[in-house]
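If you want the building blocks of each chain, they are given just below.
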Amino acid sequence: MANPPLIILTGAGISAESGLATFRGHGGLWAGHKVEDVATPQAFARDPEMVHGFYNARRAQLRDPAVQPNPAHHALARLVAAWPAPALLVTQNVDDLHHRAMPDQLDRLLPMHGSLRRIRCTRCSQVADWEDDLATDTPCPGCGNTGGLRPDIVWFGEMPMGMDRIEAALEQCRLFLSIGTSGLVYPAAGFVAALSGVARTVELNLEPSAGSHLFDEAHHGPATEVVPRFVDALLASLR
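Not measured: the values here are computed from a predicted model.

Calculation rules
- Residues numbered from 1 in each chain as written.
- Predicted model: local features only at pLDDT ≥ 70, side-chain atom pairs only at ≥ 80, totals over all residues.
- Heavy atoms only, no water.
- Disulfide = S-S within 2.5 Å.
- Buried < 20%, exposed > 50% of the residue type's maximum accessible area, 1.4 Å probe, protein only.
- Helix = DSSP H or I, 4+ residues; strand = E, 2+ residues; numbered from the N terminus.
- Pairing = 2+ DSSP bridges.
- Phe/Tyr/Trp six-rings, centres within 6.5 Å; stacked < 30°, edge-to-face > 60°.
- Axes fitted to C-alpha atoms, helices over the stretch in contact; angles between N-to-C directions.
- Contact = heavy atoms within 4.5 Å.

(A) Structural view of the state of the cysteines. As enumerated under the stated definition, the model contains zero disulfides in all. The structure places no disulfide on cysteine 140, whose sulfur is separated from the nearest cysteine sulfur, that of cysteine 121, by 3.7 Å. With a relative accessible area of 5%, cysteine 140 lands in the buried category.

Put into structure tokens, the structure is as follows:
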């Protein structure tokens with residue numbers, strides 16, 4: 001197939017060079033925090049103020065003018081915009097750097113773990129964009145009640161967003177790029193195995209991931225170097 005359906009999966013490694021700490025890396029976001037204390041529904045029920053404080057700090061990072069999409073984000077935006085077949089960029093990241101890099105292609109972007117810049121009300125189910133800090137006494141912009149707002153983020157034990165759309169895309173996919181992922185977080189870590197023998201699979205990562213051996217090919221190095229180089233070569237092959 002000259003122009004195969006494309007899926008791109010990105011993880012925290014693509015945003016590291018924008019100044020956002022990686023999920024599991026040395027000195028990463030979870031340093032000093034047990035996952036079960038900040039990223040589970042049980043943690044939120046037990047100590048919502050601590051959980052809000054953790055995510056408020058992460059949201060504040062995104063307001064730093066120095067945190068911007070890097071050349072890897074922009075290269076993928078170019079790829080998605082130019083790809084002459086179905087394309088879907090699935091990100092495990094909850095930052096908004098892909099959104100900023102590809103504002104005209106948001107229909108091809110799926111943040112499977114939610115977004116730091118959205119909130120959800122557990123009382124009325126409204127989802128709303130949100131830029132500021134969040135606390136237990138923050139009123140819901142929909143129902144006006146307090147105590148029910150949470151980050152619109154998928155926590156451990158919860159179902160990732162958009163799985164029906166992702167599974168449908170996987171059935172058609174013939175080119176799969178995995179960028180900046182650890183290969184440890186499921187279900188995304190299982191995508192490459194599901195495509196074995198039916199799609200060209202490529203890993204672009206700082207170093208081999210836990211599932212690196214499952215890919216047809218791999219290119220390792222900083223995302224800001226390997227991703228633009230690979231994208232340029234791939235787009236040149238279309239001409």
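(B) Representation of the pairing of strand 6 (residues 149–153) within the structure. In terms of residue burial, strand 6 counts as a mostly covered element, since five of its five residues are buried. Two elements, strand 4 (residues 114–121) and strand 6, share five bridges in a ladder whose sense is antiparallel. For cysteine 121, the partnering residue across the bridge sits in strand 6 and is leucine 149.

(C) Summary view of the packing of aromatic side chains. This model, assessed by the stated rule, comprises four aromatic pairs. With a centroid separation of 5.4 Å and an interplanar angle of 45 degrees, the aromatic rings of phenylalanine 44 and tryptophan 155 are classed as tilted. With a gap of 111 residues between them, phenylalanine 44 in helix 2 (residues 41–46) and tryptophan 155 in the loop between strand 6 and helix 6 (163–172) connect regions that are remote in the sequence. When sorted by exposure, phenylalanine 44 lands in the same class as tryptophan 155, which is buried. Ring geometry for phenylalanine 176 against phenylalanine 215: centres 6.3 Å apart, planes inclined by 10 degrees, an arrangement best described as stacked. Placement of the pair is phenylalanine 176 in strand 7 (residues 175–179) and phenylalanine 215 in the loop between strand 8 (200–205) and strand 9 (217–220), with a sequence separation of 39 residues. Judged by its relative accessible area of 1%, phenylalanine 176 is buried. Pairwise contacts between aromatic rings join Phe44, Phe54, Tyr55 and Trp155 into one cluster.

(D) Main features of the sheet that holds strand 9. Judged by pairing direction, the sheet is parallel, and its six strands sit side by side in the order 3-2-1-7-8-9 without closing on themselves. At either margin of the open sheet sits one strand with a lone partner, and together these are strand 3 (109–111) and strand 9. Here the strands of the sheet are splayed against their neighbours by 15 degrees on average, with no regard to which way each runs. Sheet analysis places strand 2 (residues 87–91) next to strand 3, joined by three bridges and oriented parallel. Within strand 3, the residue paired with valine 90 across the bridge is leucine 110. Along the sheet, helix 8 (residues 223–236) makes contact with strand 7, strand 8 and strand 9, crossing strand 8 at roughly 150 degrees.

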